[in-house]
Amino acid sequence: MPVIPATDENIKKAADIIRSGGVAAFPTETVYGLGADALNAKACAKIFEIKRRPFFDPLIVHISDLSMIDIVSKGMPPEVRRLTEKFWPGPLTVILEKSENIPEIVTSGLDSVAVRMPSHKTALRLIELSGVPVAAPSANPFGYLSPTEAKHVDEQLGEDVPMILDGGSCGVGIESTIIKIENGKNYLLRSGGIPIEEIKKITGDIDMPESRKAQAPGMLPEHYSPVTRLKLFSEVNEITAAHNPAYLLFRNNDKNFPEDRIEILSEDGNLAEAAARLFSCLHRLDSLGADIIFAERVPETGLGAAIMDRLTRASLK
Ligand code: TXA
Ligand code: MG
């Protein structure tokens, strides 16, 4: 069992692993990450191997301090800085021009690098003690549900990861929002933990990517998928006959589905709570051996947009 509590002593052990070219899993406020020294190509290759991640999907580099910006990038333009001043540390990732220090494997050969300063104190301490920027994708097999608890990482990758720091459930529960600002245009590459409405208050309009190239390269249509087939619904009449169904509901079970086959995201209809619970509810429903999960659509405002993005991709498998 590589899961250990995220005490300062254990964080130091994980930092030692990262400093010596290994990988360790750790909590962030969004999802658990699988971290390696972002300046060490061989160490980062292990991440791809463990996750079975295609090399065309670049990693996010995590920093604990603004002084690391100049190590990983050629600097932060003022329009990007306005965003990071507001949302860092926190669930925002920005795309910057990459420095020579970052190996090609991290960026999949792109000239840009994705950078984020997480707010989770374990993540910040781990990066600080490692003394290097930490490349970290979500700590799940490529394409599967994201991990929001240490046990999710252990169940999926426990045999390949020497250490998983347990920091409890992730408070935000959904990955960071990714923004790229280029030639005066603002692109949303992935909806996430900071609602787009909040981003727009700083950037003004958000532009639609003009080509696939402008999007996050790893954003495949099918992603975040449980093993069990998943189908979205709004009204009960969209639910088709199924042999052994399970249900992911938004705020209540007014349709009287069997109590042991349901998860409710938020009784109060609170979208932050729904986001925080999304992946752990899906993990549980996926373990029931159902033949289908019917997932209720949530309102697409605020964090609801990121929740629906994840559910829609999960439904396309
Ligand atoms: O909340 C998060 O961001 C979590 C935690 C661990 O920090 N990390 C995470 O990493 O979600 P991952 O690898 O699951 O997703 C990274 C996304 C991918 O969609 C990838 O294509 C995109 O970031 N990305 C990375 N580098 C990029 C770049 N240079 N340009 C555009 N997109 C990039
Ligand atoms: Mg991921």
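Our structure's up above, just so we're on the same page.
Notes on the structure follow. (Residues numbered from 1 in each chain as written. Chains lettered and ligands numbered in written order. Predicted model: local features only at pLDDT ≥ 70, side-chain atom pairs only at ≥ 80, totals over all residues. Heavy atoms only, no water.)

Turning our attention to the overall build of the chain. Across its full length, the chain carries ten helices and 14 strands. Its C-alpha atoms give the chain a radius of gyration of 19 Å, near enough to 20 Å, the size a compact globule of 317 residues would have. Its C-alpha atoms give the chain principal-axis dimensions of roughly 55 × 45 × 30 Å. Buried residues in the chain amount to 58% of all 317 residues. Within the chain, contacts between residues at least 6 apart in sequence are counted, and of these 68% link residues at least 24 apart. When the accessible area of the chain is evaluated, it comes to approximately 13,500 Å², of which 49% is carbon and sulfur surface. Here the chain contributes 35 positively and 44 negatively charged side chains, and the mean placements of these two sets differ by 2 Å. (Helix = DSSP H or I, 4+ residues; strand = E, 2+ residues; numbered from the N terminus. Rg over C-alpha atoms; globule rule 2.2 N^0.38 Å. Buried < 20%, exposed > 50% of the residue type's maximum accessible area, 1.4 Å probe, protein only. Contact = heavy atoms within 4.5 Å. Areas by Shrake-Rupley, 256 points an atom, 1.4 Å probe, with all protein chains shown as cover. Lys, Arg positive; Asp, Glu negative; His and termini not counted. Charge placed at Lys NZ, Arg CZ, Asp CG, Glu CD.)

A few words on the sheet that holds strand S11 (residues 230-233). Backbone-to-backbone hydrogen bonds join strands into a sheet, with any given pair of strands oriented parallel or antiparallel. Pairing is parallel across the open sheet formed by four strands, whose spatial order is S11-S14-S12-S13. The two strands at the open ends of the sheet, each matched to only one other strand, are S11 and strand S13 (262-264). Each neighbouring strand pair of the sheet contributes to a mean axis angle of 20°, computed without reference to strand direction. Direction of pairing for S11 relative to strand S14 (residues 292-296): parallel, over a ladder of four bridges. Bridged to Leu232 within S14 is Ala295. Against the sheet, helix H10 (residues 304-315) touches S11, strand S12 (245-249) and S14, its axis set at about 130° to S11. (Pairing = 2+ DSSP bridges. Axes fitted to C-alpha atoms, helices over the stretch in contact; angles between N-to-C directions.)

Let's shift gears to the pairing of strand S9 (residues 177-182). Within S9, five of the six residues are buried, leaving the element largely enclosed by the surrounding structure. Note: strand S5 (residues 92-97) against S9, three bridges, orientation parallel. Bridged to Thr93 within S9 is Ile178. Hairpin connection between S9 and strand S10 (residues 185-190): a loop of two residues separates the two successive antiparallel strands, and Asn183 in this loop has a positive phi of roughly 50°.

Packing of helix H9 (residues 271-286) against H10 leaves a shortest axis separation of 9 Å and a crossing angle of 20°. When the axes of H9 and H10 are compared, the pair comes out roughly parallel. Regarding H9 and H10, the two cross each other, and that crossing is left-handed. For the pair H9 and H10, the contacting residues are Leu271, Ala274, Ala275, Leu278, Phe279 and Leu282 in the first and Gly304, Ile307, Arg310 and Leu311 in the second. Of the residues in the contact of H9 with H10, the class split is eight nonpolar, one polar and one charged. (Parallel < 35°, antiparallel > 145°, perpendicular 65-115°, else oblique. Left-handed = near helix turned anticlockwise from the far one by under 90°. Nonpolar A, V, L, I, M, F, W, Y, C, P; charged D, E, K, R; others polar.)

This part covers the nonpolar core. By size, the foremost hydrophobic cluster in this structure holds 59 residues, and its most contacted members are Leu34, Ile63, Trp88, Leu92, Leu96, Val115 and Ile199. With residues up to four places along the chain from it excluded, the contact list for Ile63 reads Met68, Ile69, Val72, Trp88, Val115, Arg116, Met117, Pro118, Leu124, Ile127 and Pro133. The next biggest cluster of nonpolar side chains, apart from the first, holds 29 residues, and it includes Leu230, Cys281, Leu285 and Val298. (Core = buried A, V, L, I, M, F, W, Y, C linked by side-chain atoms within 4.5 Å.)

So, on to the environment of Tyr247. Structurally, Tyr247 can be placed in strand S12. Between the C-alpha atoms of Tyr247 and Ala306, which are 59 residues apart in sequence, the distance is 19 Å. Non-local contacts of Tyr247, meaning those with residues more than four positions away in its chain, are made with Ile239, Phe257, Pro258, Arg261, Ile262, Glu263, Leu285 and Phe294.

Taken as a whole and assessed by the stated rule, the structure comprises zero disulfides. No disulfide involves Cys281; its nearest neighbouring cysteine sulfur is the one of Cys170, lying 14 Å away. Since its relative accessible area comes to 1%, Cys281 is described here as buried. (Disulfide = S-S within 2.5 Å.)

Turning to helix H4 (residues 78-87), its buried residues number three or more, namely Val80, Leu83, Thr84 and Phe87. Taken around the axis of H4, the buried residues stretch over an arc of 95°, which confines them to a single face. With respect to the buried face of H4, the exposed residues turned more than 90 degrees away are Pro78, Glu85 and Lys86. (Arc of directions from axis to C-beta.)

This part is about the side chain of Ser99. Looking at the secondary structure, you find Ser99 in the loop between S5 and helix H5 (104-107). Overall, Ser99 belongs to the buried group, its relative accessible area being 7%. Polar side-chain contacts of Ser99 include one of 3.1 Å to the backbone nitrogen of Asn101. Other than its neighbours up to four places away in sequence, Ser99 contacts Ile71, Val72, Ser73 and Lys74. (Polar contact = N/O pair within 3.5 Å; in protein donor to acceptor, adjacent residues only side chain to side chain.)

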